[in-house]
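Report on the structure
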Amino acid sequence: MSFVFFDTETTGLKHGFDQIVHFAAIRTDANLNEIDRFEVRSRLLPHVLPHPAALRTNGLPIGRLLDSSLPSHYDMVRAIRQKLLSWSPSIFLGYNSMRFDEEMLRHALFQTLHPAYLTSNHNNSRADVWGLVMAAAAVSPACLNVPIGPEGRPIFRLEQLALANGVVQEQAHDALSDVITTLELCRLVHQRSSELWQRFVRFSKKATVADFVEAEDGFMLTEFFANQAYHAPVVCIGRDPDQANGRFCLSLNSDVDRFAAMTEDELRTELAQKPCPVRRLRINAAPTLTALYDAPGVMLDGLDIDAIETRARRVKDDPALCARLVSSYTSTREPRIPSRHAEERLYDGFPGPQDEARMIEFHDADWADRLPIVQSLDDERLRFFGLRLLYFEARSVLPEVLRLELERALSGRLVDAEAGGLTLEQALRAIDETPSDDGSDAGGLLADYRSYLVGRIARVTDFRAKQFAI
Amino acid sequence: MTANPERAREAARAILRAFGVKGVPVPVERIIKARNIVLQYAPLEEDLSGMAYIKDGVGIIGVNALHHPNRQRFSAAHELGHHELHAQEIGKAVHVDKGFRVLLRDDVSSQGIDPLEIEANAFASELLMPSEFLLSALDAGGLDIEDDAGIEALARKFRVSAAAMRYRLAGRF
């Protein structure tokens, strides 16, 4: 078993609408020695337009993304899945991967009719190196050199961290290069702060976090806002009724007896204050937690551990107070309205077991036999993505009526600002709004993309006019 | 060597007394750290629960980060047992195996064939499920060994796996 470090390069930042175009991963042993690596690219999906800022960041010319010799998005996702499954179980790590790369991967898997949660199922677990380096800077400053920006705030951009720590980076924002850099930073923390590394590894497992927060009589929770770490002694007061992986904690800097004496209205008002004494953590998101007896002095800041534990037990021994705090906190939540776009509905429930079986059947079937499988899916999101997948991969197997319907929908996404993704006009505008004198487009990358967009606008307009009389 | 599980259980009881443990769950990590043994988590092979070794004079316990936390606790306690009971065996091997000797928890140990493993299991069992607290928990509620829900509730209270609790109640540790 092992660690898997991974990174993605994408067409933009919008989960569900942008796509992965480059994926890289390195598998290491438990001591962070490389034992395998994997890299794959994909050509652009026909209905996806890269954001100009993304192209500028990762330096990919539009011509490279259209290269027909590259694997299709479906083939890339199949290859990623196959490789990552062969490496499971492992602990999956990336830099800012929880918020971004992993989300992109989940959407890519879901939209190609695969179970989305590859890195947290199959006995895998996951953590984010971004949190690790911020924790290192906060509690073990000798571990890493963290550059400071002009406003006096620490900078945690991978590129600048690498530079400040003597990690040679071949090409920033290249997926494989970023994976190597992330691995190097982990090696530094592993060597220089074993305690921190151990806590990081330990809390990569959801069950371990759940067990820890529920069993401990208080612990330190570290949260990060605007790149600054904030440590608080807390005690777990219960589960989030709306999210199985959510846990609520009460800050032990608060006056517990005062809360107990409050009416419901007073409590709701109190919990609406900022900063709120109730904190929420996700047990599946590798939170930064420290046992009180492990907490370094800088984190405790003069706190008396015995007093904190006594206060924690006072809270835990009062389940009625815990329940009141949780219900007061959650009572002011706005109800969540499901999106009308399938791309934004990944978290609206799991496919049923029958659909899971049909998804397996889908990938094993000949293309000609896949349409009835897609049409038999109970989950409308999967039917939507399945038909789109058939159009991308094997248009000829679709009846003409269905093909035209898909062409209308897919080409509509390139011109309709309400469809959720970047439109041709928006992409063009973003290029035109990019300052031309900052030297950032020395290679003519945006100029080439602009020509492509202008040509595509003409083709799409013409196509839609002919096909749909618009 | 013949296994002496009672010696192992007594060693565990001595640690509980020295640490002033007044109830369950027993804070095994805290005990390990208080004994200046380094506790490390790493993603290990599925059949590997933990390891005990000495490196540069420092006692180290490795635990499989991918296992369930209750299993991790038992592994940590088991490896502590090796440090407490088998320091000589661990120490001796320093000279013959790249700087340290590793005692792996594997199929052999779970079968309880190796005397060292029998003793480490007895130690871990007594440390995490001390007879004193186990008896009072059983007296309080009574327990039918065939009652799965009862065993699971008891296991949750002691933060061990239901399998470990069954073994303990059946007197196999």
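Residues numbered from 1 in each chain as written. Chains lettered and ligands numbered in written order. Predicted model: local features only at pLDDT ≥ 70, side-chain atom pairs only at ≥ 80, totals over all residues. Heavy atoms only, no water.

An unreviewed UniProt entry lists chain B under the name ImmA/IrrE family metallo-endopeptidase, with Thiobacillus sedimenti as the source organism.

The name given to chain A in an unreviewed UniProt entry is Exonuclease domain-containing protein, with Thiobacillus sedimenti as the source organism.

1. Description of the overall build of chain B
Along chain B, the regular secondary structure elements total nine helices and four strands. Listed by position from the N terminus, the elements making up chain B come as α-α-β-β-β-α-α-β-α-α-α-α-α. The buried share among the 173 residues of chain B stands at 48%. Across chain B, every contact between residues at least 6 apart in sequence was considered, and the portion connecting residues at least 24 apart equals 61%. Put simply, chain B shows about 8000 Å² of open surface, and 51% of that area lies on carbon and sulfur atoms. (Helix = DSSP H or I, 4+ residues; strand = E, 2+ residues; numbered from the N terminus. Buried < 20%, exposed > 50% of the residue type's maximum accessible area, 1.4 Å probe, protein only. Contact = heavy atoms within 4.5 Å. Areas by Shrake-Rupley, 256 points an atom, 1.4 Å probe, with all protein chains shown as cover.)

2. Observations concerning the packing of aromatic side chains
All names here are of chain A. The final tally for this structure, using the stated rule, is 18 aromatic pairs over all chains. Judged by centre distance (6.1 Å) and plane angle (15°), the ring pair of Tyr 449 and Tyr 452 falls under stacked. A residue pair is termed a helical-turn pair when its members lie 3 or 4 positions apart in one helix, as Tyr 449 and Tyr 452 do in helix H20 (residues 445-468) at three residues. Accessibility classification places Tyr 449 together with Tyr 452 in one group, the buried group. Through successive ring pairs, a cluster of aromatic residues spans Phe 3, Phe 5, Trp 197 and Phe 200. Geometry around Phe 362 places Arg 370 over its ring, the cationic atom sitting 4.9 Å from the centre. Geometry around Trp 367 places Arg 370 over its ring, the cationic atom sitting 3.7 Å from the centre. (Phe/Tyr/Trp six-rings, centres within 6.5 Å; stacked < 30°, edge-to-face > 60°. Lys NZ or Arg CZ within 6 Å of the ring centre and 35° of its normal.)

3. A short note on the packing of helix H1 (residues 5-19) of chain B against helix H6 (residues 115-128) of chain B
For any two helices packed against each other, the geometry comes down to the angle between their axes and how far apart the axes lie. All names here are of chain B. Relative orientation of the contacting elements H1 and H6 amounts to 35°, with a least axis distance of 8 Å. The two elements H1 and H6 meet at a crossing, and its hand is right-handed. Where H1 approaches H6, its residues Pro 5, Arg 7, Ala 8, Arg 9, Ala 11, Ala 12, Arg 13, Ile 15 and Leu 16 are matched on the opposing element by Glu 119, Ala 122, Phe 123, Glu 126 and Leu 127. For the contact of H1 with H6, the class distribution of residues is nine nonpolar, no polar and five charged. (Axes fitted to C-alpha atoms, helices over the stretch in contact; angles between N-to-C directions. Left-handed = near helix turned anticlockwise from the far one by under 90°. Nonpolar A, V, L, I, M, F, W, Y, C, P; charged D, E, K, R; others polar.)

4. Section: the sheet that holds strand S7 (residues 228-240) of chain A
Sheet strands line up and pair through hydrogen bonds in the backbone, either parallel or antiparallel. Residue and element names in this part refer to chain A. On the basis of which strands lie adjacent, the open sheet formed by five strands has the order S9-S8-S7-S6-S10 and antiparallel pairing. The sheet is open, and its two borders are formed by strand S9 (278-282) and strand S10 (288-291), each paired with just one other strand. Ignoring strand direction, the axes of neighbouring strands in this sheet form an average angle of 45°. As defined by bridge partners, strand S6 (residues 219-225) adjoins S7 across seven bridges and the pair is classed as antiparallel. Opposite Phe 224, over in S7, you have Ala 229 as the bridge partner. Its contacts with the sheet put helix H13 (residues 305-316) on S7 and strand S8 (243-251), and the angle it makes with S7 is roughly 30°. (Pairing = 2+ DSSP bridges.)

5. As for the interface of chain B and chain A
With 19 residues of chain B at the interface, the matching set in chain A holds 22 residues. Counting the surface chain B buries against chain A, the share from its top three residues, B:Arg30, B:Pro43 and B:Leu66, is 35%. Taken together, chain B and chain A are joined by four salt bridges. Within the residue set of the side of chain B that touches chain A, elements represented by two or more residues are helix H2 (28-34), strand S1 (38-42) and helix H3 (69-85) of chain B. Take the side of chain B that touches chain A: its biggest share by element is four residues, from S1(B). (Buried area = accessible area lost by both parts, 1.4 Å probe. Salt bridge = Lys/Arg side-chain N within 4 Å of Asp/Glu carboxyl O.)

6. Re the UniProt feature "domain: ExoI SH3-like" (unreviewed entry) in chain A
Per the UniProt record, "domain: ExoI SH3-like" (unreviewed entry) is found at residues 194-333 of chain A. Segment residues 194-333 of chain A splits into 44% helix and 27% strand. End C-alpha atoms: 40 Å apart. (UniProt positions renumbered as here; feature names shortened; annotations may be inferred.)

7. Thoughts on the pattern of salt bridges
Across all of its chains, the model carries 47 salt bridges over all chains by this definition. In this structure, A:Asp294 engages B:Lys33 in a salt bridge whose closest nitrogen and oxygen atoms are separated by 2.6 Å. With A:Asp294 in the loop between S10 and helix H12 (297-300) and B:Lys33 in helix H2, the pair connects residues from two separate chains. Through salt bridges with shared partners, one network takes in B:Glu6, B:Arg9, B:Glu10, B:Arg13, B:Arg17, B:Glu126 and B:Arg168.

8. Considering the layout of surface pockets
Residue and element names in this part refer to chain A. In this structure, the largest pocket occupies an estimated 980 Å³ of space. Together, 41 residues line the largest pocket, and Thr 10, Leu 13, Thr 57, Phe 100 and His 173 are the ones closest to its centre. Among the elements of the structure, strand S1 (2-10), helix H1 (52-58), helix H4 (97-111) and helix H6 (158-164) are those that each provide at least two residues to the lining of the largest pocket. (1 Å grid on protein atoms, 1.4 Å probe; cavity = no way out; pocket = protein on both sides within 12 Å on 5 of 7 lines; lining within 4 Å. Points joined across faces, edges and corners; volume = space filled by probe spheres on them.)

9. Concerning the confidence of the model for chain B
Detailed reading of the predicted coordinates is not advisable wherever pLDDT falls low. All names here are of chain B. Looking at chain B as a whole, the pLDDT averages 83, with 82% of positions reaching at least 70. Per-element confidence in chain B ranges from a low mean pLDDT of 50 for strand S4 (residues 103-104) to a high of 96 for H1. Across residues 94-102, where pLDDT falls below 50, the model places 19 contacts with residues more than four positions away in sequence or in other chains. Listed scores for the predicted complex are pTM 0.91 and ipTM 0.83. (pLDDT = per-residue confidence, 0-100.)

10. A short note on the sheet that holds strand S3 (residues 34-41) of chain A
Residue and element names in this part refer to chain A. Read across the open sheet, the five strands follow the order S3-S2-S1-S4-S5; overall the sheet is mixed. What marks the edges here is a single partner per strand, and that holds for S3 and strand S5 (125-128). Averaged over all adjacent pairs, the angle separating strand axes in this sheet is 20°, with direction ignored. Here strand S2 (residues 20-28) pairs with S3 via seven bridges, running antiparallel. Counted as the bridge partner of Phe 23 is Val 40 from S3. This element, helix H3 (residues 73-86), spans S1, S2, S3 and strand S4 (90-94) of the sheet and lies at about 170° to S3. Along the sheet face, helix H5 (residues 129-139) touches S1, S4 and S5 and points at about 50° away from the line of S5.

11. Quick word on the state of the cysteines
Residues and elements named next belong to chain A. Per the counting criterion, the structure on display carries zero disulfides over all chains. In this structure Cys 249 is not part of a disulfide, and its nearest cysteine sulfur, from Cys 236, lies 5.0 Å away. On the basis of relative accessible area, Cys 249 is assigned to the buried category, the value being 0%. (Disulfide = S-S within 2.5 Å.)

12. Thoughts on the environment of A:Arg41
Residues and elements named next belong to chain A. On the secondary structure map, Arg 41 appears in strand S3. Placed 34 residues apart in sequence, Arg 41 and Asp 75 show a C-alpha to C-alpha distance of 9.6 Å. What Arg 41 contacts, discounting residues up to four positions off in sequence, is Val 21, His 22, Leu 60, Arg 64, Leu 70, Pro 71, Met 76 and Asp 174.

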